[in-house]
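Commentary on secondary and tertiary structure
Chain by chain, the residues:
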Amino acid sequence: GWNFNSISQNLYWIGNGGNWTDPNHWSLSSGGVSVGCIPTKNDNVFFNNNSFNTSNQTIIIDQEVYCKTVDWTGVANSLTIAGNANLNIYGSMILNVSMNVTYNGNIYFRSNNPGNTIQSFGKSLSSNISFDGLGGTWALQDNLTTSASIELVTGTLNTNNVTVSANNFLSN
């Protein structure tokens, strides 16, 4: 007889570099205090000017992680995203022109909803990328490049007439 309601919240990265799964790095407000929890598949995550007080910080995806939309556009200082654990995104992904991407884990886009976007700002990835969401749609906003594979399992990938480069493309 238990009912669990999923809530969606915006979480902001705070406290410079570190592991994604460290609950001390997540706040309910930009530059706020830690809420002591890590993002779930229902939570939008933001990295912005209040996330880092110096440049050349690194965010490490150290374990399998989840989020709804991940948005790096608010970061002014250069930063690096690294690690090799799975990144599960249940919404959109927006990278940043000044970020450095050394992350090589798998990226799973898992939304069942339309209207998701992907903007890479010219960043080349080395991740396997999978789209798997019944009814989910993803629209590319610019070129998508990975040295690994792209797989469309379910859902719709709209390339918007931009260039998609991958080692291979898989879809049934």
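Summary of the structure given here.

**With respect to the packing of aromatic side chains**
Going through the model one piece at a time under the given rule, you end up with 10 aromatic pairs. The interplanar angle of 75° and the centroid separation of 5.8 Å between the aromatic rings of Trp 26 and Phe 47 together place this pair among those described as edge-to-face. Taken together, the positions of Trp 26 in strand E3 (residues 26–27) and Phe 47 in strand E4 (residues 44–48) put the pair 21 residues apart, joining distant regions of the chain. For Trp 26, a relative accessible area of 0% gives the class buried. Phe 47 gets classed as buried once you look at its relative accessible area, which sits at 1%. A ring pair is formed by Phe 47 and Trp 72, whose centres lie 3.7 Å apart and whose planes are at 10°; its orientation type is stacked. Residue Phe 47 is found in strand E4, and its partner Trp 72 is found in strand E7 (residues 70–74); the two are separated by 25 residues along the sequence.

**What about the sheet that holds strand E16 (residues 144–146)?**
Strand order across the open sheet formed by 3 strands is E14-E16-E18, with parallel pairing between neighbours. The open sheet has two free edges, formed respectively by strand E14 (124–125) and strand E18 (164–165), since each of these has just one partner strand. Bridging between E14 and E16 involves 2 bridges; their strand directions are parallel. Looking at the pairing, Leu 125 lines up with Thr 146 of E16.

**Regarding the sheet that holds strand E2 (residues 18–19)**
Spatially, the 4 strands line up as an open sheet ordered E2-E5-E8-E11, and their pairing is parallel. Edge positions in the sheet fall to E2 and strand E11 (100–101), since each of these pairs with one other strand and no more. Examined bridge by bridge, E2 and strand E5 (residues 57–61) share 2 bridges and lie parallel to one another. Paired with Gly 18 across the two strands is Ile 59, which belongs to E5.

**Observations regarding the state of the cysteines**
As enumerated under the stated definition, the model contains 0 disulfides in all. Residue Cys 67 stays outside any disulfide, its sulfur separated by 13 Å from that of Cys 37, the closest cysteine.

Conventions used here
Residues numbered from 1 in each chain as written. Predicted model: local features only at pLDDT ≥ 70, side-chain atom pairs only at ≥ 80, totals over all residues. Heavy atoms only, no water. Phe/Tyr/Trp six-rings, centres within 6.5 Å; stacked < 30°, edge-to-face > 60°. Helix = DSSP H or I, 4+ residues; strand = E, 2+ residues; numbered from the N terminus. Buried < 20%, exposed > 50% of the residue type's maximum accessible area, 1.4 Å probe, protein only. Pairing = 2+ DSSP bridges. Disulfide = S-S within 2.5 Å.

In short, shape yes, function no, at least from these values alone.
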